[in-house]
Amino acid sequence: MIDQLNITIDSWIIALDRYSFVELCTQPSLSSWSIGQLYLHLIGDTGFYIEQIEKCLQSVENVDEQPNENGTAMLAANAFPDIKIVGHPSNADIPQPANIGHVKTDLLAIRKTLNELYLLSARQSAQGKSKHPGLGYLSASQWLQFTDMHFRHHLRQKERIDNFLGKA
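Residues numbered from 1 in each chain as written. Predicted model: local features only at pLDDT ≥ 70, side-chain atom pairs only at ≥ 80, totals over all residues. Heavy atoms only, no water.

Assigned secondary structure in the chain consists of seven helices and two strands. The C-alpha radius of gyration computed for the chain amounts to 16 Å, which stays within 12% of the reference 15 Å derived for 168 residues, consistent with globular compactness. Its C-alpha atoms give the chain principal-axis dimensions of roughly 50 × 30 × 25 Å. Taken across its 168 residues, the chain has 43% of its residues classed as buried. Carbon and sulfur atoms make up 55% of the accessible area of the chain, which amounts to about 9000 Å² in all. In the chain, the 14 positive side-chain charges and the 18 negative ones have mean positions that sit 4 Å from each other. (Helix = DSSP H or I, 4+ residues; strand = E, 2+ residues; numbered from the N terminus. Rg over C-alpha atoms; globule rule 2.2 N^0.38 Å. Buried < 20%, exposed > 50% of the residue type's maximum accessible area, 1.4 Å probe, protein only. Areas by Shrake-Rupley, 256 points an atom, 1.4 Å probe, with all protein chains shown as cover. Lys, Arg positive; Asp, Glu negative; His and termini not counted. Charge placed at Lys NZ, Arg CZ, Asp CG, Glu CD.)

Following this line, the structure appears as structure tokens:
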């Protein structure tokens, strides 16, 4: 699982080199994110996932809880449904990145932290679960899997933005 997650995050890091700062901040429309906003969304949400993984590793709360039906189906498929998902209204408030370097630094730090948490979770037998806002209760390993799924889910959106920018 961690190998796949590293491959996924690395693909996002490598792709950053394809964009100028102007391209990073160009929105296909007023209602669409720029590629930079997409990166900041991934970074911000992954920060929340990291908090959840840490919570799972620090307690045995909710150990008997399970993902809900949608969560179980998504985890079994190891993917989001192949549909365009309308995000939370707060997603409209995603700022533009300050520069490409900060985005890359944040992604590298996320990858490092996720690898450390994976190693910790592999050594630790007693782990709790924390509640995902829409999928029910997830364990540390399920949060790691969900993180990879989330990054991969946004590849379709990235492709649409890349097509707009002429980067396809």
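Following the structure, the description resumes.
With the rule as written, the count across this model stands at eight salt bridges. The salt bridge partner of aspartate 162 is lysine 158, with a shortest N-O separation of 2.8 Å. Taken together, the residues aspartate 162 and lysine 158, both in helix H7 (residues 155-165) and four residues apart, mark about one turn of the helix. Accessibility assignment for this pair places aspartate 162 and lysine 158 in one class, buried. (Salt bridge = Lys/Arg side-chain N within 4 Å of Asp/Glu carboxyl O.)

Right, let's get into the nonpolar core. With 39 residues, the main nonpolar core has Tyr39, Ile53, Leu107, Leu114 and Phe146 as its most contacted residues. Taken together, the elements giving at least two residues each to this core come down to helix H1 (2-16), helix H3 (35-58), helix H4 (69-77), helix H5 (100-123), helix H6 (140-153) and H7. By residue number, the principal contributor to this core is H3, which donates ten residues. Those residues within four positions of isoleucine 53 in sequence are excluded, and the remaining contacts are Leu114, Leu117, Ala140, Trp143 and Leu144. (Core = buried A, V, L, I, M, F, W, Y, C linked by side-chain atoms within 4.5 Å. Contact = heavy atoms within 4.5 Å.)

As a further point, take the pairing of strand E2 (residues 136-139). Of the pairings in the sheet, the one linking strand E1 (residues 129-132) to E2 comprises four bridges and is antiparallel in character. Bridging across to E2, lysine 129 finds its partner in serine 139. The turn linking E1 back onto E2 is made up of three residues. (Pairing = 2+ DSSP bridges.)

Right, let's talk about the packing of aromatic side chains for a bit. The geometry of an aromatic ring pair comes down to the distance between the two centres and the angle between the two planes. This structure, assessed with the given rule, holds eight aromatic pairs. A ring pair is formed by phenylalanine 48 and tyrosine 49, whose centres lie 6.2 Å apart and whose planes are at 65°; its orientation type is edge-to-face. Taken together, Phe48, Tyr49, Phe80, Trp143 and Phe146 form an aromatic cluster joined through their ring pairs. (Phe/Tyr/Trp six-rings, centres within 6.5 Å; stacked < 30°, edge-to-face > 60°.)

On to the side chain of histidine 132, then. Residue position: histidine 132 is located in strand E1. With relative accessibility at 12%, the residue histidine 132 sits in the buried group. Among the polar contacts listed, one links the side chain of histidine 132 to the backbone nitrogen of glycine 134, at a separation of 2.9 Å. Side-chain polar atoms of histidine 132 contact the backbone nitrogen of leucine 135, separated by 3.1 Å. When neighbours within four sequence positions are excluded, histidine 132 is seen to be in contact with Leu138, Trp143 and Phe146. (Polar contact = N/O pair within 3.5 Å; in protein donor to acceptor, adjacent residues only side chain to side chain.)

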